[in-house]
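Fold and contact review
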Amino acid sequence: MMLPSVRPVLGRMAFSLTTSVSSRGLKTLKIGLIPGDGIGKEVIPAGRHVLEALPAEDGLNFQFVDLIAGFECFKATGVALPEETVKVLKEECDGALFGAVRYVVAWSYILSQIESPDQAANSTSSPTTKVAGYSSPIVALRKKLGLYANVRPVKSVGDDRPVDMVIVRENTEDLYVKEEKIWTLEDGTKIAEAIKRITEKASYNIGKLAFDLAVQRGAARSTSSIPTLHSNGPIVTITHKSNVLSTTDGLFRETVRKVYEDNVEKYAGVNVQEQIVDSMVYRMFREPEIFDVVVAPNLYGDILSDGAAALVGSLGVIPSANVGDTFVIGEPCHGSAPDIEGKNIANPIATIRSTALMLEFMGYAKPAARIHAAVDAHMVEKKISTPDLGGTATTTQVTEDIIKRL
Ligand code: NAI
Ligand code: MG
């Protein structure tokens, strides 16, 4: 089946802090680049090269600022996310690209934090041990910059198995509040706990973004001549586990539903569905073509999007955008991939698509569409591919081929 290649415009807002217009009439956007660790350092330059190669007719010029974060940064400076990085992003940048970071906390370190039963007994509020240390900078950045949504489009191209869905993952809470503790019981065995926090506010925000996106995708499809998988109108699938976690996931479910009920007219054409997360996984692999917009709490959204990556061949092609009301960070869904780092074989497509998503959310639909079209054309041809997609090409060769098609 020939797949739809409708590229709904996701962006809602053209926000810009530092935009200036050059003598050639080009707007200058300042983009923060945070490569992080591992293959982050190999794929972020690909995103930069693609932005630099956009033609003048798109009206944009780019200035880049190199910023640090991650495990290597932690080893060198003692912090995983320097204040300076956050400050420059907040005060100087119009948008940013984040690569990936290594996330390691040695189990021996965790063990060193455990209170002995004696200490615990003397402690005023036993059990108390909270594990500190290295902490993921991207999780912190999402919170510090108010990037409450992680938008992850998963779409096949050409005659691959048809998939055209967007996973809208809550980005600031759930188990990612990282309030964990561990202590020793009187019998000498250990026990660990983590807080799963769901707020009405974050759930409402993410629900609203999901419904708005569904309406936008539906509108874009209805004016396109390209066949669509979703001809019966937009669908929002609320994913949760409220049959077991009836309070936390229950609040998520009820709140996302309330977004719809509060705006019935605006979302009139949207088909609201629900799926318990385990059966969501099953159905996503059995019949991925039925899903359009999937909205989920943080952890389920993370897991679902890595799973969805398998439907379209590789984690190396799935982009994301961390979106707030005034800022956006493009970020490939994959991690630092230590198994392939330093070999120039990481697939740069996830990052290049994230670059396009960043532009879309900044309000620059035209250059974004140009990048998406170049990537799709490159992928349909299947001539120059990195090993994750069965080829032998390098990161550099794939990037060059996409740039040629811009
Ligand atoms: P991963 O995403 O780094 O790798 C999983 C598998 O996919 C590996 O076999 C890897 O080679 C492959 N892969 C990933 N991206 C690829 C690309 N662009 N091209 C070709 N192949 C690609 O996940 P893993 O191995 O679980 O984690 C490695 C490190 O990354 C860990 O320290 C983890 O904590 C961290 N991580 C960081 C994330 C972030 O910065 N947002 C997200 C996920 C993991
Ligand atoms: Mg992940």
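Criteria and cut-off values
Residues numbered from 1 in each chain as written. Chains lettered and ligands numbered in written order. Predicted model: local features only at pLDDT ≥ 70, side-chain atom pairs only at ≥ 80, totals over all residues. Heavy atoms only, no water. Buried < 20%, exposed > 50% of the residue type's maximum accessible area, 1.4 Å probe, protein only. Helix = DSSP H or I, 4+ residues; strand = E, 2+ residues; numbered from the N terminus. Arc of directions from axis to C-beta. Contact = heavy atoms within 4.5 Å. Near = heavy atom within 4 Å. Polar contact = N/O pair within 3.5 Å; in protein donor to acceptor, adjacent residues only side chain to side chain. Areas by Shrake-Rupley, 256 points an atom, 1.4 Å probe, with all protein chains shown as cover. Salt bridge = Lys/Arg side-chain N within 4 Å of Asp/Glu carboxyl O. Pairing = 2+ DSSP bridges. Core = buried A, V, L, I, M, F, W, Y, C linked by side-chain atoms within 4.5 Å. Phe/Tyr/Trp six-rings, centres within 6.5 Å; stacked < 30°, edge-to-face > 60°. Lys NZ or Arg CZ within 6 Å of the ring centre and 35° of its normal.

This part covers helix H3 (residues 83–92). Those residues of H3 lying buried are Thr85, Val86, Val88 and Leu89. Considered in projection along H3, the buried side chains sweep an arc of 165° and stay on one side of the axis. Within H3, the exposed residues directed more than 90 degrees away from the buried face are Glu83, Glu84 and Glu91. In the core, the buried residues of H3 are packed alongside strand S2 (27–36), strand S3 (60–66), strand S4 (95–100) and helix H6 (137–144).

Positive phi, normally seen in glycine, also occurs at Ala337, with a value near 40°. Structurally, the position occupied by Ala337 is in the loop between strand S13 (328–330) and helix H11 (349–362). Positive phi, close to 60°, is recorded for Asn344, a residue that is not glycine. Within the secondary structure, Asn344 sits in the loop between S13 and H11.

Our focus in this paragraph is the site of ligand 1. Around ligand 1 lies a shell of 19 residues, among which Tyr103, Glu331, Gly335, Ala337 and Asp339 are the nearest. Contacts to ligand 1 include His334, whose side-chain N or O atom sits 3.3 Å from a nitrogen atom. Between ligand 1 and Gly335, the relevant distance is 2.7 Å, taken from an oxygen atom to a main-chain nitrogen or oxygen of the residue. Contact with the protein chains hides 68% of the accessible area of ligand 1, taken as 800 Å² for the molecule alone.

Pairing of side chains with opposite charge becomes possible as their charged atoms draw close. Under the definition given, this model contains 32 salt bridges. Lys30 serves as the salt-bridge partner of Glu92, at 2.9 Å between the closest nitrogen and oxygen. On the criterion of sequence distance, the pair formed by Glu92 in helix H3 and Lys30 in strand S2 is long-range, its members being 62 residues apart. Among the salt bridges present, the one from Glu274 reaches Arg257, with a minimum N-O distance of 2.6 Å. With Glu274 in strand S10 (residues 271–276) and Arg257 in helix H8 (residues 248–262), this pair connects stretches of sequence that are 17 residues apart. Owing to a relative accessible area of 25%, Arg257 belongs among the partly exposed residues under this scheme.

In terms of burial, S2 is a largely internal element, eight of the ten residues being buried. Where S2 meets S3, seven bridges bridge the pair, whose relative direction is parallel. Residue pairing in the sheet places Leu33 in a bridge with Asp66 of S3. Inspection of the sheet shows S2 paired to S4 by five bridges, in the parallel sense. In the sheet register, Ile31 faces S4, and the bridge partner there is Gly95.

Within the largest apolar cluster, 72 residues are counted, with the highest numbers of intra-cluster contacts made by Ile31, Leu51, Phe62, Val168, Phe211, Val295 and Leu359. Considering each element in turn, this core owes the most residues, eight residues, to H11. Other than its neighbours up to four places away in sequence, Phe62 contacts Leu29, Ile31, Leu51, Leu54 and Leu359. Counting 21 residues, the second largest nonpolar core, distinct from the first, contains Leu67, Leu81, Val88 and Ile138.

So, on to the packing of aromatic side chains. Throughout the structure, instances matching the rule amount to four aromatic pairs. Ring centres 6.1 Å apart and planes at 20° place the aromatic pair Phe62 and Phe64 in the stacked group. For Phe62, a relative accessible area of 15% corresponds to the buried category. Residue Phe64 is classed as buried on the basis of its relative accessible area of 18%. Pairing Phe211 with Tyr260 gives two aromatic rings, centres 5.7 Å apart and planes at 35°, and the pair type is tilted. Taken together, the residues span a long stretch of sequence, with Phe211 in helix H7 (residues 200–222) and Tyr260 in helix H8 at a distance of 49 residues. Residues Phe211 and Tyr260 agree in their burial class; the two are buried. Put simply, the rings of Phe211, Tyr260 and Tyr267 pair up and form one aromatic cluster. The aromatic ring of Tyr176 is capped on one face by Arg169, whose charged end is 5.1 Å from the ring centroid.

In this fold, Leu111 is placed in helix H4 (residues 107–112). The partly exposed category is assigned to Leu111, whose relative accessible area is 35%. Sequence-wise, Leu111 and Lys190 are 79 residues apart; in three dimensions their C-alpha atoms are separated by 9.8 Å.

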